[in-house]
Amino acid sequence: MHLPVWASRRALIVFVVAFAVLYLAPFVVSLGDYLHNLAGLAFMFMAAGLAWNWLGGYVGQISFGHAAMFGTGGFTSARLAVTFGLPFWATWLIGGMVAGVYALLWGHPTLRLRGPYFSIATIGVGEATRLVATYWTDFTGGSSGLSLPIDTGPTKFELYWYGLYLLAAVVAMSYWLRKSRIGLGLLAIKEDVEAASDVGVNPSFYQDLVLFLSGTVVGVCGGFYASYQAFIDPLDMFSFERSISFVLIGVIGGIGTILGPAMGAIVFIVIQEFLLASYPQLYLGLYGVLLIVVILFEPLGLSGLIMRLGRRLGIKPSPYAAAGGLSPASSPDAPDAPDPPGPPGPPTASVGASGHEQDGGRA
Amino acid sequence: MGQVLALAVSAVLLAGFYASMAYGLGLIYGVLRVVNLAHGGMIMASAYLSWVLFTKFSIDPYLAIPIVMVVFFFVGVAMYKGLVRFLPRGAAGGVQSLLLLFGVWLVIRNLAYLLFTGDDQAVRTSYSTASIPIFGNHYSVNRVAVFVISLVAVALLQLWLSKTYTGKAVRGVTENPDSSTLVGIDVERVYAITFGVGTALAGLAGVLASTLFAFNPSFGSGELLKSFVIIVLGGLGSVIGIAVGALVLGFAEIFAIYVVPSYLTAAVGFVLLVVVLVVRPGGLFGSKVLR
């Protein structure tokens, strides 16, 4: 079979094997219903985190308002199920599309902004959407929310596999986005948007594309969440906390990488289900502390830690993995240098710096 | 006509408050190129401090302002020395500074929830319901006082920036940190002081807000957004810019009440932001493209 130039055979094999393992796992190992269902939900959070990461990590535009798409997708799909009785996968797809279009609507003008300007604008989007949604009771049911009809959708147990399909699709898309020409274009935009447009990369088109895809996937995740919980309300779906969760999953796991948001999602679910059951009043502070610690000590999050470990053991990260990262001007070494440029090390004022990093210096 | 005049005065009064809010954010951004996402959280924390001082120690909020500002100055300096100092400078630091300060904001909110619960609070003094006539219409004493205090604060700030050595050092560092080092300015110290002053201004805004609005630990994100809108509208360059930005926002909000259902007035700022950015990507005054 002929793979496109940028796809590696090895990656495809890993992908297929991982998929098969996860697909068959529940038949082989008995996890118990609770953990099994939780795994399904985890797949969704991984997918959502990856989708957020397309905008946050690949393009470099941090969105604090992704709950707007999550809620839009969720409520559209729930509405379709309640009012028209459409099958769940159709509601998810349509919900996702609507969310994607909505993302384009607010995103197209806003993406002209760079960095903090864009991010603050996304806070506004999230909040404005939440306000409108809460008062648009015909659509969202207001504070009472929407309940999905029972027995029409998949059970939480079955959602494990649908979550896996969703995750597989999103992982494949992540790989495609990063490795193909589009990925190179995104990287160029992230580093220097003007230089990128000088060489013919159309920032507007690429960013819109990523935003649309990101919004659509997060919308589908919203639909998934609606099916999973069988009840959603605007206060939760559109909340700032929800937006924060996507940021956290991306940042703690490792912005700009594929494995990162997946790990971040696991961390997030673990924190939510297990730690917060004991200390529910601490979750905001815990997230905040996690963010602070990650930024100060290992900006690439868990993936960064793993890469550091790998370097100590002598494994060099691939240039692609290394290029995903937080700061635009991250690798002063040219990509065609003999050694792959290391990921940006911790801030140069050496808080928590350890001996091994290559010079990922920045301005 | 009298109605329009009344609304116009309301808008101006509101703009005064907004300007004091925006200045803190603008100062830090202008000098350090760091967007202080914790700004809203600081405003909220200061509102709570004002409330505590009032309810536990019976200190009038307006009299508490100097205390609060001093406290927040040191909080700001501590935040700089403890956290912000380690961020990479320049464009590379943008995302990291956002996330770091966002984390700080989350922690502040959680602390507020733990200490004060999520209930709304407000500072109600004996004169909270009194009003002053201006041009024939009556306005709340608080709103007028807030406006006057904001004017004074901004004027003092401008004086500080233009007449004192430290103030001029701040302006020098804004222009060019490297040259400033060459002429003997301790840039790190300037950064710390700037962060302190910016936070102190957030403290001022918080005290003023506590007399005008009810607040809870979620307070502040709207204010952050509005401060930001003002900076985009007015540019960072001068007091005039921020004043104009604040006036535009104030007028837009007050008059939007006619056009838009009340729950959407919070969205006015955002819509304004998007409109301005689509029409003039450099902001109303900006010669530079926003980056």
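Residues numbered from 1 in each chain as written. Chains lettered and ligands numbered in written order. Predicted model: local features only at pLDDT ≥ 70, side-chain atom pairs only at ≥ 80, totals over all residues.

**Describing the overall build of chain A**
For step 1, the next point in the chain: Summing up its helical and strand segments, chain A has 16 helices and 2 strands in all.
For step 2, the next point in the chain: Taken across its 363 residues, chain A has 51% of its residues classed as buried.
For step 3, the next point in the chain: Partitioning the intrachain contacts of chain A with sequence separation of at least 6 by distance along the chain shows that 75% fall at a separation of at least 24. (Helix = DSSP H or I, 4+ residues; strand = E, 2+ residues; numbered from the N terminus. Buried ≥ 20, exposed ≤ 12 C-beta atoms within 10 Å, placed from the backbone. Contact = placed C-beta atoms within 7 Å.)

**Overview of the overall build of chain B**
For step 1, the next point in the chain: Looking only at helices and strands, chain B features 11 helices and 2 strands.
For step 2, the next point in the chain: Expected size for 291 residues packed as a compact globule is a radius of gyration near 19 Å; at 19 Å, chain B falls within 12% of this value.
For step 3, the next point in the chain: Its C-alpha atoms put chain B at 55 × 45 × 35 Å along the principal axes.
For step 4, the next point in the chain: Buried positions account for 52% of the 291 residues belonging to chain B.
For step 5, the next point in the chain: For chain B, contacts bridging at least 24 residues in sequence account for 76% of all contacts bridging at least 6. (Rg over C-alpha atoms; globule rule 2.2 N^0.38 Å.)

**Observations regarding the pairing of strand β1 (residues 131–134) of chain B**
All names here are of chain B.
For step 1, the next point in the chain: Across 4 bridges, β1 lies against strand β2 (residues 137–140) in antiparallel orientation. Bridge pairing in β2 links I134 to N137.
For step 2, the next point in the chain: The loop that links β1 with its antiparallel partner β2 comprises 2 residues; one of these, F135, has a positive phi angle of about 50°. (Pairing = 2+ DSSP bridges.)

**Quick word on the packing of helix α2 (residues 33–58) of chain A against helix α10 (residues 203–229) of chain A**
Residue and element names in this part refer to chain A.
For step 1, the next point in the chain: Running from amino to carboxyl end, α2 crosses α10 at an angle of 160°, the nearest separation of the two axes being 9 Å. Of the possible angle classes, the one that applies to α2 and α10 is roughly antiparallel. Crossing of α2 over α10 shows left-handed handedness. Each of L41, M44, A47, A48, A51, W52, W54, L55 and Y58 in α2 lies in contact with α10, whose residues at this interface are V210, L211, L213, S214, V217, V218, C221, F224, Y225 and Y228. (Axes fitted to C-alpha atoms, helices over the stretch in contact; angles between N-to-C directions. Parallel < 35°, antiparallel > 145°, perpendicular 65-115°, else oblique. Left-handed = near helix turned anticlockwise from the far one by under 90°.)

**A word on the packing of helix α5 (residues 141–163) of chain B against helix α6 (residues 165–175) of chain B**
Residue and element names in this part refer to chain B.
For step 1, the next point in the chain: The geometry of α5 relative to α6 is characterised by a closest axis approach of 5 Å and an angle of 80° between their N-to-C directions. Between α5 and α6, the interaxial angle falls into the category roughly perpendicular. Here W160, L161, S162 and K163 of α5 come into contact with α6, specifically with G167, V170 and R171.
For step 2, the next point in the chain: Looking at the contact of α5 with α6 residue by residue, the classes come out as 3 nonpolar, 2 polar and 2 charged. (Nonpolar A, V, L, I, M, F, W, Y, C, P; charged D, E, K, R; others polar.)

**Considerations on the confidence of the model for chain A**
All names here are of chain A.
For step 1, the next point in the chain: Overall, the prediction assigns chain A a mean pLDDT of 79, with 85% of residues at 70 or greater.
For step 2, the next point in the chain: Of all helices and strands in chain A, the one with the weakest mean pLDDT is helix α16 (residues 319–323) (51), whereas α10 scores best (91).
For step 3, the next point in the chain: Below pLDDT 50 for its whole length, residues 322–363 participates in 93 contacts with residues either more than four positions away or in separate chains. (pLDDT = per-residue confidence, 0-100.)

**Description of unusual backbone geometry**
Residues and elements named next belong to chain B.
For step 1, the next point in the chain: A positive phi is found at R33, a non-glycine position, where the angle reads about 60°.
For step 2, the next point in the chain: Mapping R33 onto the fold places it in the loop between α1 (2–32) and α2 (39–57).
For step 3, the next point in the chain: The phi angle at S58 is positive, at roughly 55°, despite the residue not being glycine.
For step 4, the next point in the chain: Following the sequence through the fold, S58 ends up in the loop between α2 and α3 (61–82).
For step 5, the next point in the chain: For S58, a count of 7 C-beta atoms within 10 Å puts it in the exposed group.

**Topic: the nonpolar core**
For step 1, the next point in the chain: The biggest cluster of nonpolar side chains holds 196 residues, and the ones touching the most others in it are M44, A47, C221 and L291 of chain A together with Y18, A22 and A246 of chain B.
For step 2, the next point in the chain: For this core, the two domains that each supply at least three residues are domain 1 (9–288) and domain 2 (298–363) of chain A.
For step 3, the next point in the chain: Sequence-distant contacts of Y18 of chain B, that is, excluding residues within four places in its chain, are made with K226, I230, A246, L249 and G250 of chain B. (Core = buried A, V, L, I, M, F, W, Y, C linked by C-beta atoms within 7 Å. Domains from an automatic or database assignment.)

**A few points about the environment of L282 of chain A**
For step 1, the next point in the chain: Here L282 of chain A lies in the loop between α13 (259–278) and α14 (283–297).
For step 2, the next point in the chain: Along the backbone, L282 of chain A and S144 of chain A are 138 residues apart, and their C-alpha atoms lie at a distance of 26 Å.

**Thoughts on the environment of D60 of chain B**
For step 1, the next point in the chain: For D60 of chain B, the location among the structural elements is in the loop between α2 and α3.
For step 2, the next point in the chain: What makes D60 of chain B partly exposed here is the crowd of 15 C-beta atoms within 10 Å.

**Let's talk about helix α3 (residues 67–84) of chain A**
Residue and element names in this part refer to chain A.
For step 1, the next point in the chain: Between its terminal C-alpha atoms α3 stretches 25 Å, which fits the 26 Å expected from 18 residues at 1.5 Å a residue.
For step 2, the next point in the chain: By the criterion of burial, α3 is predominantly enclosed, with 15 of the 18 residues buried.
For step 3, the next point in the chain: With its phi angle positive at about 65°, G85 sits one or two positions after the end of α3. (Expected span 1.5 Å × (residues − 1).)

**Remarks on the confidence of the model for chain B**
Residue and element names in this part refer to chain B.
For step 1, the next point in the chain: Overall, the prediction assigns chain B a mean pLDDT of 82, with 91% of residues at 70 or greater.
For step 2, the next point in the chain: For chain B, helix α11 (residues 265–279) is the element with the lowest average pLDDT, namely 73, and α3 is the one with the highest, namely 92.
For step 3, the next point in the chain: Every residue in residues 287–291 scores below 50 in pLDDT, and together they form 13 contacts with partners more than four places removed in sequence or on other chains.
For step 4, the next point in the chain: As scored by the predictor, the complex reaches a pTM of 0.80 and an ipTM of 0.81.

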